[in-house]
Structures are given as structure tokens and as C-alpha cells.
Amino acid sequence: MDISSLFDVRGRSALVTGGSLGIGAMIAEGLVRAGVNVWICSRKAADIAATRDRLSEWGTCHALAADLSQDAGIEAVVRSLGDQPLDILVNNAGASWAAPIEAYPRAGFDKVLNLNVTAPFLLIQRLLPNLRGATSPEAPARIINIASIDGLRPPSLDSFAYSASKAGMIMLTRHLAKALATDGITVNAIAPGIFQSKMTAFWFDEHHPEHVARPSIPLGDRPGTPEDIAGAVLYLASRAGRHVTGAILPVSGGEATID
């Protein structure tokens, strides 16, 4: 048992979608600092380039500008990666939409379900040759889907499409884990709780026009940190997690236990 290299991912390759901001940028930074050759993608070229430049201080990071809600964006990522093996795929790109139930529009479901569920599936589908090309019995390729605790229990916000999409991502993860096990590809999901980011700014700013009181967090009333999410990803991406597939890992300080 070699404990010293149990979480070692140096020299591996990864793609992190939605990697320019928030949790995606935290994950990408953790992987870059751990010695992974990382590609990050986002639809805003300026944001993704800025994050690439910042992360390149600690290792290798490439930027891909692509809108994964569109077939053309998925194809752009596939073309950019070419036929190179891909050890780790982190599906993090996502969207939310909140509105009162009486006023919730079809457009909210169309946008959120497309980006949060359909796009990750289609990206996995198109990158299967890259993932299969990286896998071996000793080091399976990894797919890590970023779900949410809002897919495990009803949230306090009127974000009906978001919670439905994240619950869908959790079942999609389990279904893909079963389907891809014979290929030696593991598929797991992380269900984050509250992390401080642009998407969750209203939780922390009392002057924000959409501010609501955020729920208390049982395991110390604080949001998640970059180390919290990066640590979970490194576990699932390293030798430590090679025998884990179809698992849903809440990283929420205990929020997933609140009814």
C-alpha cells in the first residue's frame, strides 16, 4: 500500500467545463496545482482566458471558448481535444432559473435542462473515444459530474428547473456508471452545498436585490472553500477513488441532511 502516491494525479489530463468562475475555477485550480494538464471551457472568451492566465502560474492550463448549450460548442471542444486521451472529465457548466411557480416559464426548463443534463450527456458521448483511450485496469478514466444538494432535497428557492436538473444529473450519473463500467470508466457525482461564487452572491450580500437568508450549515456555519471541492475531485480522480463508481458525494457541510 503506497500511501504517498494514493492521491497523485500528476501527468494526467482533464477537461473542466464551466471552468472560468466559481466552483469550476476552484476545481481547475486544484487540478492544475496537483500537476494535471487542464483544459477549461466556458462560453465567455475573456473570462476563460483570464482564468487560464491566472492558473498557468501553477502549471499547465488551456482555455477553450465554447457554448456547450449548442451542438456547435460541443463540437468545438471535441475538435480542440482531437484524438488525445482524456483521463478526467468534469462536467460543471450549468445554469439556474428561479421564479414563482405561477410565473415559471417553459424557457426556464428549456434552458436549464439543456445545459445541466442534455449537454453533459452529449459531451460524454462525443468524448468517449478520448476517455477510452486513457483508461487502463490500473488507472480508469474518470467522469465527475457536478450535481447539487438541491438534487437531493427540495431547496428553499423557487428554482424548479434547477433542482429537477440536478436530480436528473444524479440518476444520469448512476446510469452512466452502469453503462460504462465495462469500458473501465468510472462515473461519479459531487453534490455541492453553498460555495461563494457569482451565482450565489445573493446569499452573502444583504444589499443584493434578490437576497434571502441562506440556510444554516450544520458542520460549522460557513460556505464551502476551494480546498473542499478540490479535495473531493482529487479523491475521485486519483488512485484513491479508482474502485468507486455510481457514487454521489455531498460536499455541503451537512446541508444534505436538512429536510
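To keep things clear, this report deals only with the structure shown in the data block. Being a predicted model, the structure only gives us computed values, none of them experimental. (Residues numbered from 1 in each chain as written. Predicted model: local features only at pLDDT ≥ 70, side-chain atom pairs only at ≥ 80, totals over all residues. Heavy atoms only, no water.)

Once that is clear, we can look at the overall build of the chain. The number of helices and strands found in the chain is seven helices and seven strands. Listing the helices and strands of the chain from first to last along the sequence gives β-α-β-α-β-α-β-α-β-α-β-α-α-β. Counting over 259 residues, the chain shows a buried share of 47%. Contacts spanning at least 24 positions in sequence make up 71% of the contacts within the chain whose residues lie at least 6 apart. Here the chain has roughly 12300 Å² of accessible surface; of this, 55% comes from carbon and sulfur atoms. (Helix = DSSP H or I, 4+ residues; strand = E, 2+ residues; numbered from the N terminus. Buried < 20%, exposed > 50% of the residue type's maximum accessible area, 1.4 Å probe, protein only. Contact = heavy atoms within 4.5 Å. Areas by Shrake-Rupley, 256 points an atom, 1.4 Å probe, with all protein chains shown as cover.)

In this structure, Leu15, Leu68, Val77, Leu89, Leu123 and Leu127 are the most contacted members of the largest nonpolar core, which totals 33 residues. Every element with two or more residues in this core is listed here: strand E2 (37–42), helix H3 (71–81), helix H4 (106–134), strand E5 (141–146), helix H5 (160–180) and strand E6 (185–192). With seven residues, the single largest contributor to this core is H4. For Leu15, the residues in contact, after removing those within four places along its chain, are Trp39, Cys41, Leu64, Val77, Leu81, Leu86, Ile88, Leu89, Val90, Leu123 and Leu127. Counting 30 residues, the second largest nonpolar core, distinct from the first, contains Val90, Ile146, Leu234 and Val244. (Core = buried A, V, L, I, M, F, W, Y, C linked by side-chain atoms within 4.5 Å.)

A cluster of nonpolar side chains, Ile101, Phe109, Leu113 and Phe160, forms an exposed patch at the surface whose accessible area comes to about 330 Å². Looking at the secondary structure, you find Leu113 in helix H4. (Patch = residues over 30% accessible without salt bridge, like charges linked within 9 Å, V, L, I, M, F, W, Y side chains within 5 Å. Salt bridge = Lys/Arg side-chain N within 4 Å of Asp/Glu carboxyl O.)

To continue, consider the pattern of salt bridges. Across all of its chains, the model carries eight salt bridges by this definition. Here Arg12 makes a salt bridge to Asp87, at a shortest N to O gap of 3.6 Å. Note that Arg12 is positioned in the segment before strand E1 (13–17) and Asp87 in the loop between H3 and strand E4 (88–91), a separation of 75 residues in sequence. An identical accessibility class is assigned to Arg12 and Asp87; each is buried. Residue Asp150 is joined to Arg153 by a salt bridge in which the shortest nitrogen-to-oxygen separation is 2.7 Å. The pair formed by Asp150 and Arg153 is uniform in burial state, with each residue classed as buried.

What follows deals with the sheet that holds strand E3 (residues 61–65). In spatial order, the strands read E3-E2-E1-E4-E5-E6-E7; together these seven strands make up an open sheet with parallel pairing. Of all the strands in the sheet, just E3 and strand E7 (248–251) have a single pairing partner and so form its edges. When the angles between neighbouring strand axes are averaged without regard to direction, this sheet yields 20°. The pairing of E6 with E7 spans four bridges and is classified as parallel. Pairing of Ala191 across the sheet is with Pro250, part of E7. Helix H1 (residues 22–33) contacts E1, E2, E3, E4, E5 and E6 of the sheet and is inclined by roughly 170° relative to E1. The sheet strands contacting helix H2 (residues 45–55) are E2 and E3, and the helix crosses E3 at an angle near 175°. (Pairing = 2+ DSSP bridges. Axes fitted to C-alpha atoms, helices over the stretch in contact; angles between N-to-C directions.)

As a further point, take the packing of H3 against H4. Relative to each other, H3 and H4 sit at 25°, their axes nearing to 10 Å. When the axes of H3 and H4 are compared, the pair comes out roughly parallel. Note that H3 runs across H4; the crossing there is right-handed. Where H3 abuts H4, its residues Asp71, Ile74, Glu75, Val77, Val78 and Leu81 lie against Ala119, Leu122, Leu123, Arg126, Leu127 and Asn130. Of the residues in the contact of H3 with H4, the class split is eight nonpolar, one polar and three charged. (Parallel < 35°, antiparallel > 145°, perpendicular 65-115°, else oblique. Left-handed = near helix turned anticlockwise from the far one by under 90°. Nonpolar A, V, L, I, M, F, W, Y, C, P; charged D, E, K, R; others polar.)

All right, on to the packing of aromatic side chains then. Here the structure, examined in full by the defined rule, presents two aromatic pairs. With centroids separated by 5.3 Å and ring planes inclined at 70°, the aromatic side chains of Tyr104 and Phe109 adopt a geometry described as edge-to-face. You can call Tyr104 buried: its relative accessible area is 14%. Note on Phe109: relative accessible area 32%, which makes it partly exposed. Taken together, the ring pairs in this structure connect Tyr104, Phe109 and Phe160 into an aromatic cluster. (Phe/Tyr/Trp six-rings, centres within 6.5 Å; stacked < 30°, edge-to-face > 60°.)

In this section: the pairing of E1. Extensive coverage of E1 is indicated by the burial of five of its five residues. Residue alternation in E1 divides its side chains into two sets, Ser13, Leu15 and Thr17 and Ala14 and Val16, and both sets are buried. Relative to E2, E1 is paired through five bridges, and the arrangement is parallel. The residue of E2 that forms the bridge with Ala14 is Val38. Since E1 and E2 lie parallel, the crossover through H1 that links them has a hand, and here it is right-handed. Here E1 pairs with E4 via three bridges, running parallel. By the bridge assignment for E4, Leu15 is matched with Leu89. (Right-handed = clockwise from strand over helix to strand, strands pointing away.)

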